[in-house]
Amino acid sequence: MVSRKHRVLLVIALAELLAMSLWFSATAAAPELAAEWGLTDGETAWLTIAVQLGFVAGALLSSALTLADVIRPRYLFAASAVAGAVFTAAIAGFVTSAVPAIGLRFLTGVALAGVYPTGMKILAGWFEEGRGFAIGMLVGALTVGSALPHLLRAVGGVGQPRVVLYGAAGLSVLGGLLVLLVEPGPHQAPAAPFDPSAIGRILRDRGTMLANGGYFGHMWELYAVWTWIPAYLIASVAANGGISDSSSLASLLAFGTIAIGGVGAVVTGSAADRFGRTGTTSASMAISSVACIAAGFVFGSSLLVLVPFVLVWGFVIVADSAQFSAAVSELAEGSYVGTALTLQTAIGFLLTTVSIQMIPMIVDLVGWRWAFAPLALGPILGTLSMQRLRNLPEATKLAGGRG
């Protein structure tokens with residue numbers, strides 16, 4: 001029989017999946033939007049970068065005002081999901097050029113800052129035991145949701161960008177309505193007073209910042225790969241001789257590469273609860289850093305080689321993500337866990353704006369074959385941070401004392 005907290009987990013995961021379909025909605029539709037509006041490569045890239053920056057701005061504002069700990073989480077989540085849907089639908093309905101689209105994408109990112117960290121706080125209130133698995137489920141749902149626009153494009157959105165945009169907007173509204181069904185959990189801290197000094201205490205906490213160090217290294221790689229993997233796949237297929245309708249194939253493979261990470265997040269969540277967070281995150285980042293280099297050797301190979309490679313990479317690249325958040329929820333001050341998680345994601349996503357912009361510059365220099373190689377530095381440094389945490393007394397707070 002499914003327990004109440006697991007029913008909550010299913011509802012929150014589904015709501016997160018639906019709402020996060022907004023993130024890459026314009027990215028998936030970018031080829032059509034670029035052709036229709038006459039966008040440059042730089043303007044096209046900003047359709048994704050603007051979301052990252054908006055998320056950072058929203059998360060920093062939320063952290064500064066401790067919104068995730070002052071406002072009831074389900075209301076913040078629902079309002080944010082609906083707002084993001086409105087901004088995305090506006091692009092489909094009214095926009096015909098780059099500047100307003102980029103502005104609306106920025107606002108979409110601001111809205112999503114009220115979805116992802118808030119969902120983690122809700123689950124932290126329901127799960128004390130098995131928190132790694134629960135947040136792993138949430139990140140798995142986020143991962144599949146992020147991939148959904150590529151699936152929408154593959155099955156009916158090639159040449160129809162508004163199908164992708166309106167589809168994602170509708171899904172997000174549904175996600176916002178679903179979360180209103182969820183009551184606060186028994187472990188959720190009561191609403192905290194506004195306290196700007198909470199940020200300083202978080203930044204001075206050694207264990208929390210080492211867990212953040214792992215997250216920052218992980219994020220350096222993650223969204224750059226998620227953003228540019230369709231272009232890499234198109235270039236790789238072309239280098240092998242190409243096939244007809246490679247754009248649809250690339251969208252389908254991009255969906256698979258990103259979505260399979262949902263499975264990785266859940267599997268790693270269970271493993272982290274059983275064996276510890278520092279070890280599982282380090283193993284995942286080690287494999288992922290190797291994949292950044294291996295992508296150069298796999299480039300131009302047949303689909304029999306390319307497809308399994310990107311699926312394995314997609315599995316491990318996000319498998320560890322939830323565990324950094326779970327670690328912060330265990331290490332940070334209880335009354336301001338929401339703020340700590342929001343600050344973590346704000347800085348992490350700020351880093352992604354650098355790595356996303358860096359990839360086209362590298363492509364101009366060396367081509368797509370080695371474009372992802374510099375991303376390996378992130379997970380390497382992240383692994384060092386988690387191994388440092390593993391050897392400190394603070395590690396006893398992680399995963400029931402498993403480190």
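Residues numbered from 1 in each chain as written. Predicted model: local features only at pLDDT ≥ 70, side-chain atom pairs only at ≥ 80, totals over all residues. Heavy atoms only, no water.

Per an unreviewed UniProt entry, the recorded name for the protein is MFS transporter, and the organism is Haloplanus rallus.

K.L.:
Give a detailed account of the overall build of the protein, specifying residues and quantitative values.
P.N.:
Tallying secondary structure elements over the protein gives 18 helices and zero strands in all. Relative to the globule expectation of 22 Å for 403 residues, the C-alpha radius of gyration of the protein, 20 Å, shows essentially globular dimensions. Across the protein, contacts joining residues at least 24 apart in sequence account for 86% of those joining residues at least 6 apart. Carbon together with sulfur atoms contributes 69% to the accessible area of the protein, which is approximately 14500 Å² in total. Charged side chains in the protein number 20 positive and 19 negative. The centres of these two groups are separated by 8 Å. (Helix = DSSP H or I, 4+ residues; strand = E, 2+ residues; numbered from the N terminus. Rg over C-alpha atoms; globule rule 2.2 N^0.38 Å. Contact = heavy atoms within 4.5 Å. Areas by Shrake-Rupley, 256 points an atom, 1.4 Å probe, with all protein chains shown as cover. Lys, Arg positive; Asp, Glu negative; His and termini not counted. Charge placed at Lys NZ, Arg CZ, Asp CG, Glu CD.)

K.L.:
Go over the nonpolar core with me, naming the residues and quoting the values.
P.N.:
Counting residues in hydrophobic clusters, the biggest one holds 110 residues, and the most contacted among them are Tyr-223, Tyr-232, Trp-313, Ile-359, Trp-368 and Phe-372. Lining this core are residues from two domains, each supplying at least three of them: domain 1 (1-184) and domain 2 (200-402). Discounting residues that sit within four places of it in the chain, Trp-368 has contacts with Trp-228, Ala-231, Tyr-232, Ala-235, Phe-299, Ile-359 and Val-363. In this structure, Ala-30, Leu-39, Ala-92 and Leu-104 belong to the second largest nonpolar core, which totals 18 residues. (Core = buried A, V, L, I, M, F, W, Y, C linked by side-chain atoms within 4.5 Å. Buried < 20%, exposed > 50% of the residue type's maximum accessible area, 1.4 Å probe, protein only. Domains from an automatic or database assignment.)

K.L.:
Could you give an account of the pattern of salt bridges, naming the residues involved and the relevant values?
P.N.:
Tallied over the full model, the rule gives six salt bridges. In this structure, the salt-bridge partner of Asp-273 is Arg-277, at a minimum N-O distance of 3.1 Å. Taken individually, Asp-273 and Arg-277 each receive the classification buried, so the pair is uniform in this respect. Across the pair Arg-277 and Glu-330 runs a salt bridge, and its minimum N-O distance is 2.8 Å. A residue pair is termed long-range when its members are at least 10 positions apart, and Arg-277 in helix α14 (residues 277-298) and Glu-330 in helix α16 (residues 321-331) qualify at 53 residues. Note on Arg-277: relative accessible area 1%, which makes it buried. The class for Glu-330 is buried, based on a relative accessible area of 17%. Through salt bridges with shared partners, a single network forms among Asp-273, Arg-277 and Glu-330. (Salt bridge = Lys/Arg side-chain N within 4 Å of Asp/Glu carboxyl O.)

K.L.:
Quick one: what's the story with the domain arrangement of the protein, residue by residue and with numbers?
P.N.:
Each domain of the protein was delimited in the assignment, giving domain 1 (1-184) and domain 2 (200-402). At the interface, 42 residues of domain 1 touch 46 residues of domain 2. Both faces combined, the contact of domain 1 with domain 2 buries some 3600 Å², and carbon together with sulfur accounts for 72% of it. On the domain 1 side of the contact with domain 2, Gln-52, Thr-143 and His-150 bury the most area, a combined 14% of that side's loss. On inspection of domain 1 and its partner domain 2, the count reaches zero salt bridges. The interface formed by domain 1 and domain 2 holds three residue pairs in polar contact (both at pLDDT 80 or more) in total. Those elements that place two or more of their residues in the side of domain 1 that touches domain 2 are α4 (41-64), α5 (67-70), α8 (116-126) and α9 (131-157). (Buried area = accessible area lost by both parts, 1.4 Å probe. Polar contact = N/O pair within 3.5 Å; in protein donor to acceptor, adjacent residues only side chain to side chain.)

K.L.:
Hey, could you go over helix α1 (residues 4-19) for me, with residue numbers and the actual values?
P.N.:
Between the first and last C-alpha of α1 there are 23 Å, a value that for 16 residues agrees with the 22 Å anticipated at 1.5 Å per step. For α1, the complete set of buried residues consists of Val-8, Leu-9, Ile-12, Ala-13, Ala-15, Glu-16, Leu-17, Leu-18 and Ala-19. (Expected span 1.5 Å × (residues − 1).)

K.L.:
Outline the packing of aromatic side chains, listing residues and values.
P.N.:
Counted according to the given criterion, the structure contains 17 aromatic pairs. Ring geometry for Tyr-215 versus Phe-324: centroids 6.2 Å apart, planes at 70°, classification edge-to-face. Pair noted here: Tyr-215 is in helix α12 (residues 206-239) and Phe-324 is in helix α16, with a separation of 109 residues, a long-range link. In this pair, the class of Tyr-215 matches that of Phe-324, namely buried. Members of the aromatic cluster, connected to one another through ring pairs, are Trp-228, Tyr-232, Phe-299, Phe-309, Trp-313, Trp-368 and Phe-372. (Phe/Tyr/Trp six-rings, centres within 6.5 Å; stacked < 30°, edge-to-face > 60°.)

K.L.:
Provide a residue-level description of the side chain of Glu-394, including the pertinent values.
P.N.:
Secondary-structure assignment places Glu-394 in the segment after α18 (377-390). Beyond its immediate sequence surroundings of up to four residues, Glu-394 is in contact with Arg-206, Gly-207, Leu-331 and Leu-389.

K.L.:
Hey, could you go over the environment of Phe-299 for me, with residue numbers and the actual values?
P.N.:
Turning to its location among the elements, Phe-299 is positioned in the loop between α14 and α15 (303-317). On a C-alpha basis, the gap between Phe-299 and Val-354 in space is 24 Å, while along the polypeptide they are 55 residues apart. Residues within four places of Phe-299 in sequence aside, it is in contact with Tyr-232, Ala-235, Ser-236, Ala-239, Trp-368 and Arg-369.

K.L.:
Lay out the packing of helix α6 (residues 73-94) against helix α7 (residues 98-112) in plain terms, naming residues and giving numbers.
P.N.:
Two elements in contact, α6 and α7, have axes separated by 8 Å at closest approach and are oriented at 165°. Put simply, α6 runs roughly antiparallel to α7. As α6 runs across α7, the sense of the crossing is left-handed. Listed contacts from α7 to Ser-80, Ala-83, Gly-84, Phe-87, Thr-88, Ala-90 and Ile-91 of α6 are Ala-101, Leu-104, Arg-105, Leu-107, Thr-108 and Ala-111. Class assignment for the residues of the contact of α6 with α7 results in eight nonpolar, four polar and one charged. (Axes fitted to C-alpha atoms, helices over the stretch in contact; angles between N-to-C directions. Parallel < 35°, antiparallel > 145°, perpendicular 65-115°, else oblique. Left-handed = near helix turned anticlockwise from the far one by under 90°. Nonpolar A, V, L, I, M, F, W, Y, C, P; charged D, E, K, R; others polar.)

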